[in-house]
Every structure is written in structure tokens, then in C-alpha cells.
Protein chains: 2
Amino acid sequence: MTDVKTIAAGWEPSRISALRDVMETSKIDVLVIPRWDEQQFEYVSLANERLAWTTGFTGSWGLSVVTHDDVVLFIDGRYPEQAARETDGDWVTLQHLYQEPPEHWLAQNVQAGWHVGFDSEVVTPDLYDRLRKVCEQNAAVMRPTDADPFDQCWSDRPDTPSSAVRQLSAEWAGESVAEKLARVRDQMRVSDVAWLVETQPDNVNWLLNIRGQDLPYCPVVRARLLIGLEGEIHLFGDVTDTDSERLASSDTAVRCHARNEFLKTLERTIQPADRLWVDATQGPQCGRQMAEAAGGEALMLRSPITDLKARKNETELNALRSACLSDSAVWVRLLHWLESAVHHESVTELGVEKRIHQFRTDVEDYTAPSFRTISAADGNASLAHYSAPADGGATLKPSTLFLLDSGGQFSRGGTTDTTRTWCFQKPTSERRRLATSVLKAHIAVAQQVFPVGTLGHALDSAARLPMWQAQLDYDHGTGHGVGHYLSVHEFPQRMQKAGTAVGLQAGMTLTVEPGFYRADEFGIRHENLCEVVSHAEGWLGLESMAFVPFNRLLIDAGMLTPVERGWVDEYHQRVREKVGPVLGDEELIAWLEAATEPLSDE
Amino acid sequence: MTDVKTIAAGWEPSRISALRDVMETSKIDVLVIPRWDEQQFEYVSLANERLAWTTGFTGSWGLSVVTHDDVVLFIDGRYPEQAARETDGDWVTLQHLYQEPPEHWLAQNVQAGWHVGFDSEVVTPDLYDRLRKVCEQNAAVMRPTDADPFDQCWSDRPDTPSSAVRQLSAEWAGESVAEKLARVRDQMRVSDVAWLVETQPDNVNWLLNIRGQDLPYCPVVRARLLIGLEGEIHLFGDVTDTDSERLASSDTAVRCHARNEFLKTLERTIQPADRLWVDATQGPQCGRQMAEAAGGEALMLRSPITDLKARKNETELNALRSACLSDSAVWVRLLHWLESAVHHESVTELGVEKRIHQFRTDVEDYTAPSFRTISAADGNASLAHYSAPADGGATLKPSTLFLLDSGGQFSRGGTTDTTRTWCFQKPTSERRRLATSVLKAHIAVAQQVFPVGTLGHALDSAARLPMWQAQLDYDHGTGHGVGHYLSVHEFPQRMQKAGTAVGLQAGMTLTVEPGFYRADEFGIRHENLCEVVSHAEGWLGLESMAFVPFNRLLIDAGMLTPVERGWVDEYHQRVREKVGPVLGDEELIAWLEAATEPLSDE
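Predicted model only: the values in this text are computed from it and were never measured. (Residues numbered from 1 in each chain as written. Chains lettered and ligands numbered in written order. Predicted model: local features only at pLDDT ≥ 70, side-chain atom pairs only at ≥ 80, totals over all residues. Heavy atoms only, no water.)

A. Quick look at the packing of aromatic side chains. Residues and elements named next belong to chain A. Under the counting rule described, the total for this entry stands at 34 aromatic pairs over all chains. Taking the centre distance of 5.9 Å and the plane angle of 20 degrees together, the rings of Phe 547 and Tyr 571 count as stacked. A residue pair is termed long-range when its members are at least 10 positions apart, and Phe 547 in the loop between strand S28 (539-544) and helix H19 (562-583) and Tyr 571 in helix H19 qualify at 24 residues. We note that Phe 547, like Tyr 571, is buried. Three or more aromatic residues joined by ring pairs make a cluster, and in this case those are Phe 547, Phe 550, Trp 567 and Tyr 571. Lying across the ring of Phe 262, Arg 224 places its NZ or CZ 4.1 Å from the centre. The ring of Tyr 474 has Arg 464 sitting right over it, with the charged end atom 4.0 Å from the ring centre. (Phe/Tyr/Trp six-rings, centres within 6.5 Å; stacked < 30°, edge-to-face > 60°. Helix = DSSP H or I, 4+ residues; strand = E, 2+ residues; numbered from the N terminus. Buried < 20%, exposed > 50% of the residue type's maximum accessible area, 1.4 Å probe, protein only. Lys NZ or Arg CZ within 6 Å of the ring centre and 35° of its normal.)

Following this line, the structure appears as C-alpha cells:
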């Protein structure tokens, strides 16, 4: 089966020559190739793994610039090692996506008169502006490509199979499409726009109450929308005639077009002086360009759907809670099996990943992992985004400190994401101390009360401040949004060090996942998916939806305050009460009861 | 003596008519009048109190828009009550500066063909861009005024007396002008600019190692700079010939020009294709405009001087520490006097303000208050930026909860800013509980360890998170930067709820000042000026430079953790050890010893 690894593994220099031939024919001196495609999304279809085809790099984010002489790959802080391993240093130069961004490189290397080619359906207004500025300063020109250059040079390009559109009821979603659309159009009216360009697949699927299987990990139909303030909604995707008819006959009358009709329809539809809403960092430059060409204007703000989707309704929350509970039972089965297996059989990292997937398949509505499971023993757990290799990876030993970060998609309406760190015999007191510090950070966020509208960075601090007192820190965010049977990385809610302008509201769902890592030795992370709940008038808190025991061997009860200890005992009691009845197996229940006993003082 | 209150008090409708006459002669339909002047600074000279003259409003920040029919005053959240009291509602409409900003108002009210007049030396590039966008959309035109319209309509406009320039030695500043300039030019070289426009008075005075008395509260010479990458530095201000000669003959050869030579010199100096550095929010639009008119470009980032100035050297820190210590002794005298006076004489808010000023004048190098003292009894302390009225304000009673926020300028190189909340008899247990909560928030920040480069919002959270647990909050920042015998509000370092992109570094100086307020009843704030100090490799902490006792009656020791209690006792011990020897008065020392005893359990 072709996958992105196969595409990357087939990399050879002739690909670059072939790409340069197309560039020459098209009179392009520089070609800009982002990882993302015309949906501006974290996941792309196999046929759009252009970055992997061009460079051999398989990471989830990045961008390449190809010229007559250079191939430069821009990657973020997660990927320097992986990119160095996957690419050929004789051909590909690595740069940091944020510290040495493409526009800096271009400023030094672009020559007067050069044409900088880009796909205006793929490149965002934000990226376009940064590149154009440099071009102007250097008398170069930004030039949209007429067609996808990869059509002409990527010979064995895979198909983009498209799945059936699953239409879901208002009962399933908690709100009808008509109601959602009315709320979106209210926002459009307030902002005085005639059209909204929506390319984020999770936004599109949320709005239309549909799901599909067009992408790995995220159960969506790949499609873009052009939403009119009045009657019209145009959808651009690869949907079958049957699905088109169904969507057209629904009460919101979606008109389906072929995927490649997007530009033409946009051009035909926008009237002079129309204002058009296009997301500056998660939307396409072509939208802005079309609006301006028509004599109108683009409003470049975050899509209103991103914000509406983030606040889950009660139906969505119930489905998420229920899926998290089912998944928690899977976790209990896994941990029970693992604690014994480590001592009695050869268990590899990949083996654990397969096993939790297998346990999940026993849940009737499980459809797929919600991301590639991180099953990492000892030093491997210190690598961000590690995944077990095809040969199985490390074998777990009784002395292993093991990190498992895994989640699933459940079609009742749930996306899950949990991390537990586990050991199988008494750990060193230092490891226990560090794991307890991370647990205290987790509790600090979990029990924090905060005003409505608190910015995510304040809760990030809640986790980090107590760790900083012991001069401990971790180089990732404290939490990210999670969707309702959608993306496991959902915007705009998040908890991170950097300042955010998004206020937290009741009904948002986020992970809480502080950690601590020591290179080549171990990684520790404690992650639960939580919902934001109302506390008192004007005040919010978090409530965990995941109920999985924390490893007792890694908790030093003496380090916990009475409040923290109470939190752990109460959480474990809820794990027992909620998950116990779901297990239906005496041995499992006994294991769970032992795992969730109140902490003791030894 | 004329002051801003006198200018405001003299407001009458005829001023608006006179202004409109000038606008008509100049063919201007809208005039934009910011509070700030051509220095883009918080403090302006009396002659530039244009906003107060036009509207009657005396607040420290705001902006007015005058048209044929309207006078609109835009103010921030601190000033709605004051603005309503100070302005005539028949003539002046109030709007929120951020929630309903001038560009929104303009979008609804500007008519096609209108000329929107602005002073390009006053308006910032950031404000200009926001207004221009709206003008373009409405077929109106932004038009720089040829001269200051107020010259023609403000008949009794005060003079702008300029003080002598006090040149300070490298020993006093800890660094020579040449060394500072070399560091600034390094930044200019890296950013590839030929010229830097510097208008912030504190930046100018810091760079040239000069001080003056041109502004209230901030001991600076009002002057602007045009700094060349190579030899030339032009200064624009009202300096005497003697001072000009001195500055010209110094080793950095500053060329002095009359204040109004700025535009002409800028125009003459910039060469085609020169890049010019101008601060987008604290610099003038004319700089950008001139660069672009010459065929060059403006780099619109925060001035490099703002960042260099923020990290104090050891000489600057020593002077600040020493001034804080002198001022702490003033505070001890004040509190000792106050505790007795409240019971035996009639003490008004204004009386306390005068008294602390009087005690400060006994310190040899005290030159002025560093801001208008907030001396506020009971409900008055719940008003942001309260100042005691000329009639004395409230009289303090034994039952009063009193807030005093006060600081001074000391020419050895110190700017101070301290707040204490005091009561004179046993307070209610609720007030004690609330004051202790605020103290816990103060301690949380004061004892926090954090990585180098931590963003200010993380320390803001350190104060707020424990208060949020009790559903308490306050509507101002947790801390602001303070200068070295410069502005008591110094950028860019700060601790606030909103995200900031400025990383904290050793040598920065900030206040720590959480609070709690109940309208019409009381205000509580505990403020110390702190320096950022190195802890261990890569880690920072804060160290207080102010040593003033916290009111024991307002501390509920039972609410403190052992760590917090230890912090209070240790702080008080340091107060006793450091301030005691400075007092030189047995009665004062006895009072201080009692005030700094370890906390007891009652």
C-alpha cells in the first residue's frame, strides 16, 4: 500500500530535475511548496504529499523552496533530527521555519526579474504577504502557477480516492445545518461580508453535519465551501452524484462542484465591491486576490466557523464524554495487560500500539486512531512525535519508563487523546519525584478556577509555574483543542507559553498535558482531555472527560499538598465508579480497584 | 500658575468654533487630536495639552476627532467617569478608545471627498494606517496639516519653557554615550537601516546621558533624535546655545537643531533607498512617509533603544537600590507619623500627599514626585488613578482603610514607586482576608523562579491564579517597568493579562502590584519595585528594591503557607536591617522594630 513513507522513500535526485523542467517550461525561477494543500490543513491526501515527494521529509508541517540551484526545506523545532535523517544533505538544505523563515532566505537569494511561483489556492494570504514584500524589494515578481506543476512531473502520483459523504442528523450533532448556518451568517452580517471562503475540512464538516474518510486520523470529507450571505452555498470536492443530489435536496441546498471548479466559481460569483471573508493563516490567497480583482475587499480574520465550532453544545459534549469513557475502559484493559505482559512476553513499542488499536476495535463505533500513537520506551519518549518503527522498536523491560500517548475516533461523536507514563517496578526516587512534579502541574491546571474569557496562556502558566520553582520545564504547549469526531488538534482554543488572544468559554474542549523530558533517558507526560465548565457566574473550571488511573508507583504522596492528594484520590474514585461498570470482567475490575485505591504514605 | 487643570477649566464652546475656523481656512473636514505630542510620550509639555484645551479632559491618554458637527473624545477603560465629569455632554461625545476606536467612528461618519487632517509628526504609523484604510474605503483623503492648527486658535497658549541640559558622566550612567551608541548602531547594522528616528524622551535622555526638567514627573530634556548609522546624530529640541555647544563638543558630536527643524532635516538627510527605523506605535508617521517619499523604506519595529535601556547595568541598579532604600526610610517616617496622626489630628488625603513629599525633600537629591501620588481613603481607593482634590479630599478616620501609592525621582539615578495599604485599628475579618489574599498574590510573584526570556504574562498569572481560586481578580496589570531616574512607566517589560512578546531578562526593573477593589468601599494594593536577577544558569527571579513594612493588622498569618510566612518574616527582617540604620531616630527605630516582628499566630 502506498503511504507517505513510501513516497518519501522513493525520493531520488531525478525528481528535482523533473520539477525544474516544469518550472523552466512555466518560466518560474522559484517554486514555493508548502506541506499543506488547498485545504490549509494539518492532514493532506496522499496525492498532495508534495513536500515528501520533493524532499523525502514526512513531518506534518513545513515548506520547501526550489530554485535553479537550491532545494531548501523549512521545518520547525520538532523536526531537525527527523528531517536530517530523511533528506539527502547533498540536495536539500535545512532551515528553521520561524527563526530563518522563507522570506529571509528569499531576501538573500532572489534575483531581480525572477518569477516566484506559488499555487494561489494553497498559499495563505499571510505567507503571500511575507513573500511578496521581499519580492518587491528585490524587483522580483510573485506569479501564481496556472496548474499544479506536480501533475506534469510526478509520474506515479497516487489517486485521491474520495469516500462517501455520511450525512448526520441534527439529533446527532445537537444542531441542524440551518441553525448553524444562521449563526455563521449572523457573524457575516455583523462583519459586512457577502461571501465566506471556508477551506478547513473540520469547519466544513461541522457546518454541514457530515463526516467522511478522506484523510488519515480525521474523519472528514475533503471539501471547500463558498458561503453566501443569502441563499447560496457552493461545495467543492470529489463527491459522488448521489451525495451531490442528497446535499442539494437538503434544506440548506448545498450546490456541489468538482474540486477544481473552485477558482472559476469564485471568479464568477464575486460581484464588484463585494467583501469576502478569508482566513489570513488558514485560508487561500486566491480568495483575497479574487475579491480585490473584482474591486472588492477581503476581510482577513479567523473564520467565524472556527469559533462557533469550538464551543460544543450539550449533545456534542455528551458524545465526547461517552467516547472518552469507552476509551478509558480500553486504556484500563491495555494497562492491565501491559503490566503483566512486560514480565512474561516480548512486548515491543509497536506491539503496544497494535494492542491498544485492537482493544479499541472491540468498541463498536471505533473508526480509526485519532493520531499516530506515540508508544515510546525510555529515551525514545524524550523525542517529540516519536512513532515506533516498522521493525517494532524497543522492547519493554521491567525497568522501562514507558510513555503511551494514544486516542481514537468514535462515530457516536468522540475524539480522544490520553497520555499515561508507566513503570513496572519501583522507579528511582528521582524519576518518581519528577513524575510527581508533572502530576502536580497537571493538577494545578485541572483544579484551577478562572474568569470567563481567560486567555490560554494563563492556564499554561498554572502548569508551568510550580515546575519552574524546581527549575523544570517542557518545550511544548500545555494543551490543545480537540474536536467532536473531528480533528484531535482543533483551533482556536489552546494553552501555550506564547500569548494568545482567544478567551476560554464553557463548552470548549482541551487537553491538559504537562511533561518533562530528559534526552536519551526518558519522557514523562500526564494527559487528560477536559471540558471547560461553568463554575459560578462569570467563573470557569475544567472537568476531565478521561478516566484512566495514574501510575501509583510514580506518585510520591509526600510531595502532594492535602488539596492535591485529595484531587488524586477523588479522581481515582471517579475512575473506579465510572469505568468499573463498563469493564464486565472480574479480573479487570480487581486490577482497577487496586490501581485506584487512595494513596498511601509509604 | 497655569497647569493642565486650569487649561481644562477654561474650556468653553468658543474654542471649538475657533478650531473649526482654522480647519475651514486649511480646508480640513476632520481634525485628529491625540493626547500625545510629537514625542509620542505619556507626558506632554503644557503648551501641548491640546486634548485638554479642546475637550476639557485631563486624563493621561486619549484622542479626539473634531468635524464640522462633532467633537468625539476616545478614552480607555480608566476614564469614563472622569471624562464625563470634565467634558460638556452637549458638545463632546465619549467613545471607548479600543472597543469603538476612531477608525470605526470614522468609517461611519466620514464623507466622500473629505480631508482628514493630522499632524504627521504626532500621529504614529500604526494610527495612520488604521485611519487611512477607512479613508480609502470611503473616498476620503488623509491630509497632513502644514502647521500646528492650535497656533492660530489657542490665544493664551502657555510657553514651553525648556530647562538646562544636565550632562552626566559615564561613571554616573555606568556606560559612556559612545558605548551606548555603538550598541544601538550594532542593532541598526543587523537590521540594515541607515537612520533611526528616536522620539521617546526617556530613550533620548538615556542614550545621551542627559537629564532635564522639561516635563512633570519625568526628569528629561524634551528632544528628538535622528541617528545615522555612521557619524551623524541630529538633536531637535529647545536647547540653549551653551548646551548646544557642549553637546557638539562631546565625543559623540551631537548636532543640535531647533525643535521645528525636524521635518526639514529629515527630508534633507534621507537619501534615495535609505532604510529608516521608526517605531510603529511610539514613533512619528512623518518618518515613514519621508523614507517612502525618498524611494526608501521604513522598518517599523520597536526602537532598539527601548530594549537596550530596559536592561540596567550594575551602576544603574546600584543607584536604583540606593534610591529605593532612601525612599523606604521616607515611607517608614510617613507611616510612623500617620499611625499616630490619624488618632490625634485632622489628616486629609492631600495632607498625606504633602507630608510624604515633605519627608522626601529631606533626602538631598530628591527632585520631584515620579507621578501624582494616589492618597486614597476607603471608597476613593477603588477608583483607578484617583488623586486628592485641592480641598484636601477625605479626612482619615481610625476606621479608614487607606491606600497610598507614591514615588520620587532621585538624581543619584533612582525612580521609585511603592504602594501600601494601611489600617489604624483592627479591620473586619473580611478585609483582613482580602488583604492577605492580595499579599499571597504579591508573594507568589516575588518568589517565583522562571526561565530567562519568560514572557510578562506568565508572571501576571503567578499573581492572579491563586486569587482566582477564591474568585477574586483586579482590573489592571500586575507590574510595569520603571526607569533609572527616568519614567516611572517604562517599556517594554511588563506583567499583564494580555499576551506580551517581550522576554524578561536580568537587570530589568518592574513593579509587582496585585490588588483588589470594591467600588465605593475600599481598594487594596501591595506594590514593591523589583529587579530581575539571575538565579542559576538559565533561570531568573525577582528581588525587591523597596523595603517598607506591610501592615501587620491586615495579615491573617493563618492563611499563609509556611513558605509564604517565611517570605514575610524574612522580608520584614531585611526591612529592619536595611532601613533601621538609615533612620537615625530612636522612636522611629522602635516603631520599625515592632512593625517588622515575625508574624504571630493570633
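That was the structure; now back to the text.
B. Representation of the side chain of Ser 64 of chain B within the structure. Residues and elements named next belong to chain B. Residue position: Ser 64 is located in strand S2 (residues 63-67). Of the polar contacts made by the side chain of Ser 64, one reaches the backbone oxygen of Val 72; its length is 3.1 Å. Here Ser 64 is in contact with Leu 31, Val 32, Ile 33, Leu 51, Thr 55, Val 71, Val 72 and Leu 73, once residues within four sequence places are set aside. (Polar contact = N/O pair within 3.5 Å; in protein donor to acceptor, adjacent residues only side chain to side chain. Contact = heavy atoms within 4.5 Å.)

C. Representation of the sheet that holds strand S15 (residues 366-369) of chain B. All names here are of chain B. The three strands lie next to each other as S15-S18-S19, forming an open sheet whose pairing is antiparallel. The two strands at the open ends of the sheet, each matched to only one other strand, are S15 and strand S19 (414-415). As paired strands, S15 and strand S18 (residues 408-410) are joined by three bridges and run antiparallel to one another. Across the sheet, the residue bridging to Pro 369 is Gly 408, located in S18. Sitting on the sheet, helix H16 (residues 349-361) touches S15 and S18, and the angle it makes with S15 is about 165 degrees. (Pairing = 2+ DSSP bridges. Axes fitted to C-alpha atoms, helices over the stretch in contact; angles between N-to-C directions.)

D. Highlighting the interface of chain A and chain B. The interface is formed by 25 residues belonging to chain A together with 25 residues belonging to chain B. Both faces combined, the contact of chain A with chain B buries some 2000 Å², and carbon together with sulfur accounts for 56% of it. Contact with chain B buries surface across chain A, with Trp 468, Gln 469 and Gln 471 of chain A losing the most and accounting together for 29% of the total. Viewed at the interface, chain B and chain A are joined by zero salt bridges. Between chain A and chain B we count twelve residue pairs in polar contact (both at pLDDT 80 or more) in total. Mapped by element, the contributors of at least two residues to the side of chain A that touches chain B are helix H6 (125-137), strand S21 (450-451) and helix H18 (456-469) of chain A. Broken down by element, the residue count for the side of chain A that touches chain B peaks at seven residues, all from H18 of chain A. Tallied by class, residues from the side of chain A that touches chain B come to twelve nonpolar, nine polar and four charged. (Buried area = accessible area lost by both parts, 1.4 Å probe. Salt bridge = Lys/Arg side-chain N within 4 Å of Asp/Glu carboxyl O. Nonpolar A, V, L, I, M, F, W, Y, C, P; charged D, E, K, R; others polar.)

E. Summary view of H6 of chain A. All names here are of chain A. Over its 13 residues, H6 extends 18 Å from the first C-alpha to the last, a length consistent with the 18 Å expected when each residue adds 1.5 Å. Among all positions of H6, only Pro 125, Leu 127, Tyr 128, Leu 131, Val 134 and Cys 135 are buried. Residues of H6 that are buried make contact with strand S1 (30-34), strand S2 (63-67), helix H5 (102-109), strand S5 (115-118), strand S6 (141-144) and helix H13 (285-293). In the segment just after H6, Ala 139 is the residue with positive phi, at about 55 degrees. (Expected span 1.5 Å × (residues − 1).)

F. Examining the relation of the copies chain A and chain B more closely. When chain A is fitted to chain B, the best match, at an RMSD of 0.0 Å, comes from turning it 180 degrees and sliding it 0.0 Å along the axis. These values place the two chain copies in the arrangement generated by a two-fold rotation axis. Ranked by how close their C-alpha atoms come to the rotation axis, the residues of chain A are headed by Gly 499 of chain A, at 1.9 Å. (Least-squares fit on C-alpha atoms with pLDDT ≥ 70 in both.)

G. View of the pairing of strand S11 (residues 233-237) of chain B. Residue and element names in this part refer to chain B. By the criterion of burial, S11 is predominantly enclosed, with five of the five residues buried. By the alternation rule, side chains of S11 split into Ile 233, Leu 235 and Gly 237 and His 234 and Phe 236, which are all buried. Both strand S10 (residues 223-228) and S11 contribute to a ladder of five bridges, which runs antiparallel. The residue bridging Arg 224 from the neighbouring strand is Phe 236, located in S11. Counted between consecutive antiparallel strands, the loop separating S10 from S11 contains four residues. Relative to strand S12 (residues 254-258), S11 is paired through five bridges, and the arrangement is parallel. Paired with Leu 235 across the bridge in S12 is Cys 256.

H. Molecular detail of the nonpolar core. Within the largest apolar cluster, 66 residues are counted, with the highest numbers of intra-cluster contacts made by Val 445, Phe 450 and Leu 542 of chain A together with Val 445, Phe 450 and Leu 542 of chain B. When sequence neighbours within four positions are dropped, the list of residues in contact with Leu 542 of chain A reads Val 445, Ala 446, Gln 448, Phe 450, Leu 459, Met 495, Val 512, Cys 530, Glu 531, Val 532 and Val 533 of chain A. (Core = buried A, V, L, I, M, F, W, Y, C linked by side-chain atoms within 4.5 Å.)

I. Seen up close, the environment of Gly 296 of chain A. All names here are of chain A. Residue placement: Gly 296 occurs in the loop between H13 and strand S14 (297-299). The spatial distance from the C-alpha of Gly 296 to the C-alpha of Ala 368 is 43 Å, given a sequence separation of 72 residues. If we ignore the near neighbours within four places in the chain, the residues touching Gly 296 are Ala 273, Asp 274 and Ala 291.

Any link to function would need more than the numbers given here.
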